[in-house]
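Listed here are the chains, written in short residue letters.
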Amino acid sequence: MARLDLTGLCKAFDTSQVLRDVSLTIDDGEFLAVVGPSGCGKSTLLRVIAGLETQDAGQVRIGDRLVDGLPPKQRDVAMVFQSYALYPHMTVAQNLALPLVMRDLSRWQRMPFAARLSTEVARRRAAVQEAVRQAAGIVELTPLLDRKPRQLSGGQRQRVALARALVRQPRLFLLDEPLSNLDASLRASTRTEIVDLQRRLGVTTVYVTHDQVEAMTMASRIAVMIGGRIVQLGTAREIYRRPVDIRVAQFIGTPKMNLLPGEVARGAIRIAGAAEVLTTLPLLRDGALTIGIRAEHLHLSHGPGPGALRSVVRQVEFLGAEALVHLQPDSLPQVAPLAARVPPEVAAGLAPGMTVGLTLAPAGLHLFDSEGQRIARSGADAGLPPETPARPLAAAFAPAAALAAR
């Protein structure tokens with residue numbers, strides 16, 4: 001196993017700058033996910049680490065060795081691609097054996113008759129077959145060793161690709177959107193298999209994906225990449241609850257964070273044009289800002305009341321254990337509909353066209369300046385927001401559950 005250190009990586013294709021001063025340290029045995037929208041440079045970063053692309057500037061260090069300039073086969077890394085890259089004319093066993101055959105046997109030793117002429121070649125081939133059996137057993141492929149890729153399901157092919165990467169016992173494991181070709185239910189089960197496998201083997205792993213659910217459920221840490229830069233690095237909990245950039249706030253989390261225009265006057269923070277003070281920040285300069293709030297920190301009341309935003313229900317999405325209510329505040333027609341997360345029994349009492357009151361939990365507010373950077377909230381922002389939504393602004397508001405009773 002090995003630690004991975006990336007320092008100041010830059011990469012451009014013609015006039016397009018893909019990587020911009022990327023620096024990152026991944027500890028020995030860590031599982032790190034690199035997540036971001038399509039085209040942000042995730043796959044290019046992985047290919048630079050693997051040696052499939054050469055960076056224009058910066059360094060890649062695997063363990064205590066600087067690997068810049070080394071070809072992929074000398075970096076001792078294994079990579080799993082989105083397309084699996086299996087050889088269709090080979091059996092599963094042959095696909096798994098190929099990396100070891102190419103590494104451990106010379107050209108003449110690969111000839112069919114070589115094992116009969118040399119006990120050393122026979123010993124090496126036996127070692128390859130034993131490694132194949134062990135790798136197949138780890139991912140539960142032993143009964144499928146004689147099949148060819150066309151005889152396998154998508155999930156089985158993915159496991160073959162994983163086993164082929166693991167059979168070499170690499171120091172570094174690189175995965176480039178390996179689950180994107182699987183259906184939703186298979187993705188969920190394969191996620192669990194990959195995480196369990198990584199924990200058992202302790203292989204340092206870099207996992208690239210555009211799917212935030214994969215990143216948040218699998219990795220010990222997440223690097224959010226936007227526009228060729230690492231915008232935020234941390235655990236899923238840290239990034240979700242305290243995004244440092246408005247782009248991260250909108251990318252991480254489902255539904256994405258609600259955004260509202262805000263204004264500051266003598267430390268009082270309001271929704272633009274509203275009278276009610278949401279919270280105070282005495283040292284904050286007067287002017288415009290953006291207020292962000294997650295769906296779970298929006299509260300509904302039966303009918304608008306003092307301090308509540310009069311809002312019209314646009315859509316109700318039933319999701320089983322919860323529901324999402326999409327609302328349009330009357331006073332903010334220019335703002336995209338806001339999403340509130342509510343219990344299903346509350347959603348049962350709502351229908352498109354109904355008018356409700358909408359309040360924002362002050363402790364759930366995220367404040368961003370004109371450049372989209374997070375505004376620290378002194379003591380309140382020194383730690384993460386509380387686990388449970390804070391009390392609504394006006395105690396007189398009816399609780400959300402009252403909607404279902406009416």
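Preceding block: the structure.
Note that the coordinates shown come from a computational prediction; the quantities given were computed from them, not determined experimentally. (Residues numbered from 1 in each chain as written. Predicted model: local features only at pLDDT ≥ 70, side-chain atom pairs only at ≥ 80, totals over all residues. Heavy atoms only, no water.)

Colleague: So, the pattern of salt bridges: which residues are in play, and what are the values?
Modeller: Enumeration according to the criterion identifies twelve salt bridges in this entry. Between arginine 221 and glutamate 30 there is a salt bridge, with its nearest N and O atoms 2.5 Å apart. Placement of the pair is arginine 221 in strand 9 (residues 221–226) and glutamate 30 in the loop between strand 2 (16–26) and strand 3 (31–35), with a sequence separation of 191 residues. Overall, arginine 221 belongs to the partly exposed group, its relative accessible area being 22%. A relative accessible area of 8% places glutamate 30 in the buried class. Connected through salt bridges with shared partners, the residues Glu120, Arg123 and Arg124 form a single ionic network. (Salt bridge = Lys/Arg side-chain N within 4 Å of Asp/Glu carboxyl O. Helix = DSSP H or I, 4+ residues; strand = E, 2+ residues; numbered from the N terminus. Buried < 20%, exposed > 50% of the residue type's maximum accessible area, 1.4 Å probe, protein only.)

Colleague: Describe in detail the packing of helix 2 (residues 92–104) against helix 5 (residues 154–166), supporting the description with residues and values.
Modeller: Put simply, helix 2 and helix 5 touch, their axes get as near as 8 Å, and they point 30° apart. For the element pair helix 2 / helix 5, the angle class is roughly parallel. Crossing angle aside, the handedness with which helix 2 passes helix 5 is right-handed. On helix 5, the residues touching Val92, Asn95, Leu96 and Pro99 of helix 2 are Val160, Ala163 and Arg164. Class assignment for the residues of the contact of helix 2 with helix 5 results in five nonpolar, one polar and one charged. (Axes fitted to C-alpha atoms, helices over the stretch in contact; angles between N-to-C directions. Parallel < 35°, antiparallel > 145°, perpendicular 65-115°, else oblique. Left-handed = near helix turned anticlockwise from the far one by under 90°. Contact = heavy atoms within 4.5 Å. Nonpolar A, V, L, I, M, F, W, Y, C, P; charged D, E, K, R; others polar.)

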